[in-house]
Amino acid sequence: MAPGLALAATLLPVAARAQGVEVTAEDVADTGDTAWILISSALVLMMTMPGLTLFYGGLVRAKNFLSVLVQVGAIAAIGSLLWIVCGYTLAFGGVTNGWFGAGNAWMLIDLGNVRDGTAIPESAFALFQLTFAAITPALMVGAWVDRARFGWVVAFCAVWSLLVYAPVAHWVWGGGWLASTMGTLDFAGGIVVHTTAGVSALVAAMLLGKRQGFPKTLMLPHSPSLTMAGAALLWVGWFGFNGGSALAANDDAASAIINTHAAAATAALVWLLIEKLTVKKSTSVGFATGAIAGLATVTPAAGFISPGAAILFGVLAALACYPMIQIIKQRLGVDDSLDVFAVHGVGGIIGSLLLGVFLSTDFGGTGYAEGTTMASQVAAQFVGVGVVAIWSAVISAVIAVLVSLVLPMRVSEDEEREGLDLASHGERAWELD
């Protein structure tokens, strides 16, 4: 035994007895796994702030840049606090009826020493999951930029995190019915994160209505350079998002990171090629958007598939998400401002369904559980995606309408013309003389 581990094994029982807890050998966490999860937690938080804020902020007009940063920050903050108070126990507090977790970890005061099935402290597991609970509702900001009232945004996302995100996290990751009964798989959030946020964002955009001038007025990104910087931070942070979901510093984590990188690189390049063939220019915004599409698509399968499959996921992400942007905005006339559903929602759904096929060892995947076939796994993925999409759409619509009875959804027409930086926050992002 290494000297550090020997010292820990000696001191931990003493500390535990001082708090009235008897510690066994199984209660001693692995320091390497724990360190990786703590680092991964920091990487996922970096995805939210500053990654997502810069990615979205660069895509809006200058008069709304600051409002995006404040919305993302406020959502992440309230989502984190709610996770500590009750979100964690609703999602991971033990299995009761398969729909919600047991209420045994309110305020994170009754956590175990080591999370079941892992070699990390439950506090580290709760922290890692907190960062997911913070970024998921923040993804929806891109659907309503330029027109949503700040108070409504924060209230909607707070309730959403408890009634949509936490239950779905329990169904898929917390031992709930989708995983235990149906066999639905989701390595790092294609269903739990991207399907919930993408579908809910589409519903919110439909309820809010279109921005003034949409679709006739050209609303160009005010700073593609900031969007590229944000995408770069998201890309790096996604190593913690997917790699950390292995919940250990092992081969699964390394494989997940390789697959994450391969899918993002492929999707970004294919997106550039599509732009070159269709609009004759390969853009920085296109590169950034393609990378995010690839990352969202590979997320549900990152730890289950081969690098070759990950490259295919990246190709399909670009081929599916690129035209979906046009379908949503032009054919359906829905003003999902920054394409949250077309990129995150569609990407997450495609990856979740493809997982059922490429899990097969014939394609280099990790293989199916005993008694499971490709057909049954694909069916389980369809059920998982379908149920979560319907739940997200219905509950989001109800929350949005009920919150709007107290806090109006939209700013006034004058405030929208003025820009939300000044109208909602009394500040300008840029003071240029």
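Residues numbered from 1 in each chain as written. Predicted model: local features only at pLDDT ≥ 70, side-chain atom pairs only at ≥ 80, totals over all residues. Heavy atoms only, no water.

1. Brief notes about the layout of surface pockets
Computed from the structure, the largest pocket encloses a volume of approximately 960 Å³. Along the wall of the largest pocket there are 33 residues; nearest its centre are Met219, Ile325, Gln326, Lys329 and Asp339. Of all elements in the fold, only helix H2 (31-59), helix H10 (251-279), helix H11 (284-298), helix H12 (307-331) and helix H13 (340-358) reach the threshold of two or more residues within the lining of the largest pocket. The element contributing the most residues to the lining of the largest pocket is H12, with 5 residues. (1 Å grid on protein atoms, 1.4 Å probe; cavity = no way out; pocket = protein on both sides within 12 Å on 5 of 7 lines; lining within 4 Å. Points joined across faces, edges and corners; volume = space filled by probe spheres on them. Helix = DSSP H or I, 4+ residues; strand = E, 2+ residues; numbered from the N terminus.)

2. What to know about empty space enclosed by the protein
Where empty space is left can be seen by rolling a probe of water-molecule size over the atoms. Within the structure shown, the criterion is met by 2 cavities of 30 Å³ or more. The volume enclosed by the largest cavity comes to roughly 60 Å³. Met47, Leu52, Ile135, Leu139, Val193, His194, Leu234, Trp238, Phe241 and His344 are the residues that line the largest cavity. When contributions to the lining of the largest cavity are tallied by element, the ones reaching two or more residues are H2, helix H8 (190-208) and helix H9 (224-243). Of all the elements, H9 adds the most residues to the lining of the largest cavity, at 3 residues. A class-by-class count of the residues in the lining of the largest cavity yields 8 nonpolar, 2 polar and no charged. (Nonpolar A, V, L, I, M, F, W, Y, C, P; charged D, E, K, R; others polar.)

3. A word on the state of the cysteines
Tallied over the full model, the rule gives 0 disulfides. Take Cys86: it sits in no disulfide, and the sulfur closest to it among the cysteines is that of Cys157, at 15 Å. (Disulfide = S-S within 2.5 Å.)

4. A look at the nonpolar core
Tyr56, Trp144, Trp152, Phe156, Tyr165 and Ile305 are the most contacted members of the largest nonpolar core, which totals 117 residues. With near-sequence residues (within four places) excluded, Trp144 lies in contact with Gln71, Trp152, Val153, Phe156, Cys157, Ala204, Leu208 and Ser337. (Core = buried A, V, L, I, M, F, W, Y, C linked by side-chain atoms within 4.5 Å. Buried < 20%, exposed > 50% of the residue type's maximum accessible area, 1.4 Å probe, protein only. Contact = heavy atoms within 4.5 Å.)

5. Some thoughts on the packing of H10 against H11
Interhelical geometry of H10 versus H11 gives an angle of 140 degrees and a closest axis separation of 7 Å. Taken together, the axis directions place H10 and H11 in an arrangement best described as oblique. Between H10 and H11 the crossing geometry is right-handed. Along its contact with H10, which presents Asn259, Thr260, Ala263, Ala264, Ala267, Ala268, Trp271, Leu272 and Glu275, the element H11 presents Gly286, Phe287, Thr289, Gly290, Ala291, Ala293, Gly294, Leu295 and Val298. (Axes fitted to C-alpha atoms, helices over the stretch in contact; angles between N-to-C directions. Parallel < 35°, antiparallel > 145°, perpendicular 65-115°, else oblique. Left-handed = near helix turned anticlockwise from the far one by under 90°.)

6. Concerning H2
Between the first and last C-alpha of H2 there are 41 Å, a value that for 29 residues agrees with the 42 Å anticipated at 1.5 Å per step. Put simply, Asp30 is the residue that caps the front of H2, since its side-chain oxygen is 3.0 Å from the backbone nitrogen of Gly32. (Expected span 1.5 Å × (residues − 1). Polar contact = N/O pair within 3.5 Å; in protein donor to acceptor, adjacent residues only side chain to side chain.)

7. Regarding the packing of H9 against H11
Axes are the key here: two packed helices are described by the angle between their axes and the distance separating the axes. Their axes nearest at 9 Å, the elements H9 and H11 cross at an angle of 20 degrees. With respect to each other, H9 and H11 are oriented roughly parallel. The way H9 lies across H11 gives a crossing that is left-handed. Listed contacts from H11 to Pro224, Thr227, Met228, Ala231, Leu234, Trp235, Trp238 and Asn242 of H9 are Ser284, Val285, Phe287, Ala288, Ala291, Ile292, Leu295, Ala296 and Val298. When grouped by side-chain class, the residues that make up the contact of H9 with H11 number 14 nonpolar, 3 polar and no charged.

8. So, the environment of Leu81
Looking at the secondary structure, you find Leu81 in helix H3 (residues 65-92). A sequence separation of 161 residues divides Leu81 from Asn242, and the C-alpha atoms of the two residues are 23 Å apart.

9. Overview of unusual backbone geometry
In this chain, Met49 is followed by Pro50 through a cis amide linkage whose omega measures 20 degrees. Secondary-structure assignment places Pro50 in helix H2. Cis geometry marks the peptide bond from Phe214 to Pro215; its omega dihedral reads 5 degrees. For Pro215, the position within the fold is in the loop between H8 and H9. Phi is positive for Asp146, close to 85 degrees, though the residue is something other than glycine. Its place among the elements puts Asp146 in the loop between helix H5 (141-144) and helix H6 (150-173). Look at Lys280: it is not a glycine, yet its phi comes out positive at around 70 degrees. Here Lys280 shows up in the loop between H10 and H11. Its relative accessible area of 56% is what places Lys280 among the exposed residues.

10. Some points on the packing of aromatic side chains
What the rule picks out here adds up to 24 aromatic pairs. An aromatic cluster is built from Trp83, Tyr88, Phe92, Phe125 and Tyr165, whose rings are joined through pairwise contacts. (Phe/Tyr/Trp six-rings, centres within 6.5 Å; stacked < 30°, edge-to-face > 60°.)

11. With respect to the environment of Thr196
Relative to the helices and strands, Thr196 is located in helix H8. Considering only alpha carbons, one finds Thr196 and Ile349, 153 residues apart in sequence, at a separation of 9.9 Å. Sequence-distant contacts of Thr196, that is, excluding residues within four places in its chain, are made with Thr136, Trp160, Val164, Val168, Ile191, Val388 and Ser392. There is a polar contact of 2.7 Å between the side chain of Thr196 and the backbone oxygen of Val192.

12. A short note on H13
For H13, with 19 residues, the first-to-last C-alpha span of 25 Å sits near the 27 Å given by 1.5 Å per residue. Across the 19 residues that make up H13, a large majority, 16, are buried.

13. So, the side chain of Glu275
Here Glu275 shows up in helix H10. Those residues in contact with Glu275 that lie beyond four places of it in its chain are Lys280, Lys281, Ser282, Thr283, Gly286 and Tyr322.

14. Focus: the pattern of salt bridges
In this structure the tally under the stated criterion is 9 salt bridges. In this structure, the salt-bridge partner of Arg147 is Asp335, at a minimum N-O distance of 3.9 Å. On the criterion of sequence distance, the pair formed by Arg147 in the loop between H5 and H6 and Asp335 in the loop between H12 and H13 is long-range, its members being 188 residues apart. Overall, Arg147 belongs to the buried group, its relative accessible area being 0%. What makes Asp335 buried here is its relative accessible area of 1%. (Salt bridge = Lys/Arg side-chain N within 4 Å of Asp/Glu carboxyl O.)

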